[in-house]
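Structure at a glance
Each chain, letter by letter, is given below.
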Amino acid sequence: MKLNTIDDLQTALAAQNYISERGLTTAIYLALKLGRPLFLEGEAGVGKTEIAKVLAQLLNTELIRLQCYEGLDVHHAVYEWNYTRQMMHLRLMEARGEKVTEAELFGPAFLLKRPLLQAIEDSRTQAPILLIDELDRSDDEFEAFLLEVLSDYQITIPEIGTVRAKHTPIVIVTSNRTREIHDALKRRCLYYWIDYPSFEKELEIVRRKVPQAADLLARQVASFVQELRRADLYKLPGVAETLDWTTALVALDQKALDLSVVDETLGVMLKYQDDVEKIKGEQARAILDRVRVMQAA
């Protein structure tokens, strides 16, 4: 698909049911045109990861995802040797009375490629989407290593040599901001903060993603979640939770919200018991009353 202008990209994203503000579309467009990593920050569930998935579909290319976590190291992110297969090969050759060279034992046949190496391997005919998801969950040491990889798009494997990307991957880095990412990495990226959506945007997302929802239900859900985000909660619901809740309500054959079904399904949106208890009952009733007044206006 040709994405010659920002408007082209905006239309293409909408065709994939991804509703994007003009600023976000511009950031994505520039990342594609300039070949720069795109660093996306925002609360969990606002659609950061979804951007990588949609781009892979638009560009008809592979999506390679590296899910970050505490303790992530080179062996899980870049490569490691298949020691079990190496030992089996070694024993087989010894049984045959044949010698095994180090170059053979540490060759490509025994190399396990992890996401970063998969993204830059030189056999690729098309640039993949490399999603480095939730970088804030990883350690400082891994972030420093990643900085080197993103600078040169090459990885050195001592036993084989340096692997360089023939087609530079399109890199999307996401963070939920549980910790600050170092400025050195941010400087190499284009940056965009994805906020919680407005009522109009959230309603449009619900209509596109859960088209079977009744119009009144979609409006009430979007309004209710908007009100929830004004409450003093430990974890505010994201767009992902809005869609989950709408889908659950449709499964219950609901055409509109009522207090009993709200209380019974709060756990679809709120993932902490303290938050559920804080909203359940009178607080839910008050929010629902405000939603109904707004819908009637």
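Preceding this paragraph is the structure being described.
Let us look at the structure shown here. Residue numbers restart at each chain and count upward from 1, following the sequence in its written direction. In keeping with the predicted nature of the model, local features appear solely for residues at pLDDT of at least 70, side-chain atom pairs appear and are counted solely at 80 or more, and the whole-chain, interface and lining totals rest on all residues. Only hydrogens and water are set aside when side-chain values are computed; all heavy atoms of the structure are taken into account.

Digging into the overall build of the chain
Going along the chain from the N terminus, every DSSP run of H or I of four or more residues is numbered as a helix, and every run of E of two or more is numbered as a strand. A tally of regular secondary structure across the chain gives 15 helices and nine strands. For the chain, the spread of C-alpha atoms along the three principal axes comes to 85 × 45 × 35 Å. Three exposure classes are used, based on accessible area relative to the maximum for each residue type with a 1.4 Å probe and protein chains only: buried under 20%, partly exposed in between, and exposed over 50%. Split into buried and exposed, the 297 residues of the chain put 46% on the buried side. In what follows, residue pairs with any heavy atoms lying within 4.5 Å of each other are defined as contacts. Sequence-distant contacts, at least 24 apart, represent 75% of the contacts inside the chain between residues at least 6 apart. Counting every atom, the chain has about 15100 Å² of accessible surface; 50% of that belongs to carbon and sulfur. This count recognises Lys and Arg as positive and Asp and Glu as negative, with His and chain-terminal groups excluded. Each charge is placed at NZ for Lys, CZ for Arg, CG for Asp and CD for Glu. On the chain, the mean spot of the 37 positive side-chain charges and the mean spot of the 46 negative ones are 5 Å from each other. To measure how exposed things are, a 1.4 Å probe is used in the Shrake-Rupley method; for residues, cover is taken only from the protein chains shown.

So, the pairing of strand β1 (residues 38-41)
The alternating pattern of β1 places Leu 38 and Leu 40 and Phe 39 and Glu 41 on opposite faces, both of which are buried. At least two bridges found by DSSP between two strands are what make those strands a pair. Examined bridge by bridge, β1 and strand β8 (residues 170-175) share four bridges and lie parallel to one another. Residue pairing for β8: Leu 38 is matched across the bridge by Ile 172. Alignment of β1 against strand β9 (residues 190-193), held across four bridges, turns out to be parallel. The residue of β9 that forms the bridge with Leu 38 is Leu 190.

Here we look at the nonpolar core
With 60 residues, the main nonpolar core has Phe 224, Trp 245, Leu 257 and Ile 279 as its most contacted residues. Dropping the residues within four chain positions of it, Trp 245 is found in contact with Val 221, Phe 224, Val 225, Leu 257, Val 262, Thr 265, Val 268 and Met 269. For our purposes a nonpolar core is just a set of buried Ala, Val, Leu, Ile, Met, Phe, Trp, Tyr and Cys residues, chained together by side-chain atoms within 4.5 Å. Leu 72, Phe 110, Leu 150 and Cys 189 belong to the second largest nonpolar core, which has 31 residues in total.

Observations concerning the packing of aromatic side chains
Centre distance within 6.5 Å is the pairing criterion for rings of Phe, Tyr and Trp, where only the six-membered ring of Trp is used; planes under 30 degrees apart are then read as stacked, over 60 as edge-to-face, and the remainder as tilted. Considering all chains together, one arrives at six aromatic pairs under this definition. Seen in terms of ring centroids, Phe 39 and Tyr 191 are 5.9 Å apart; in terms of plane orientation they differ by 20°. Their pairing is stacked. Taken together, the residues Phe 39 in strand β1 and Tyr 191 in strand β9 connect sequence positions 152 residues apart. Summarising the aromatic geometry, the rings of Tyr 79 and Trp 81 are spaced 6.3 Å apart at their centres and angled 80° between planes, so their arrangement reads as edge-to-face. Each member of the pair, Tyr 79 as well as Trp 81, carries the same accessibility label: buried. Site record: aromatic cluster; members linked through ring pairs are Tyr 79, Trp 81 and Phe 106.

A closer look at the pattern of salt bridges
Between Lys or Arg on one side and Asp or Glu on the other, a salt bridge is scored when a side-chain nitrogen of the former is within 4 Å of a carboxyl oxygen of the latter. One pass over the full model with this rule turns up 20 salt bridges. Measuring nitrogen to oxygen at the nearest pair gives 3.4 Å for the salt bridge that ties Arg 179 to Asp 140. Here Arg 179 is found in the loop between β8 and α9 (183-187), whereas its partner Asp 140 is found in helix α8 (residues 140-152), with 39 residues between them in sequence. Within the structure, one salt-bridge network assembled from shared partners comprises Glu 62, Lys 113, Glu 121 and Arg 124.

Section: the side chain of Thr 49
Summarising the element assignment, Thr 49 is placed in helix α3 (residues 48-58). Here Thr 49 falls in the buried class, since its relative accessible area comes to 19%. Among residues more than four places away in sequence, those in contact with Thr 49 are Arg 65, Leu 131, Asp 133 and Thr 174.

Observations regarding the side chain of Arg 179
For this analysis, a polar contact is any N or O atom pair within 3.5 Å, provided that within protein one partner can donate a hydrogen and the other can accept it, and provided that sequence-adjacent residues contribute only side-chain to side-chain pairs. A polar contact is formed between the side chain of Arg 179 and the backbone oxygen of Asp 136, at a distance of 3.2 Å. In terms of polar contacts, Arg 179 uses its side chain to reach the side chain of Asp 140, at 3.4 Å.

Points about helix α12 (residues 239-251)
Helix length check: α12, at 13 residues, gives a terminal C-alpha distance of 18 Å against a target of 18 Å (1.5 Å per residue), a fit within 8%. All of the buried residues along α12 are Val 239, Glu 241, Thr 242, Leu 243, Trp 245, Thr 246, Ala 248 and Leu 249. Summarising the contacts, the buried residues of α12 are in contact with α10 (199-209), α11 (215-228) and α13 (259-269). A helix's residues, less one, multiplied by 1.5 Å, set its expected span.

Things to note about the environment of Ala 56
You can see Ala 56 is positioned in helix α3. Distance in space between the C-alpha atoms of Ala 56 and Ile 129 is 6.1 Å, their sequence separation being 73 residues.

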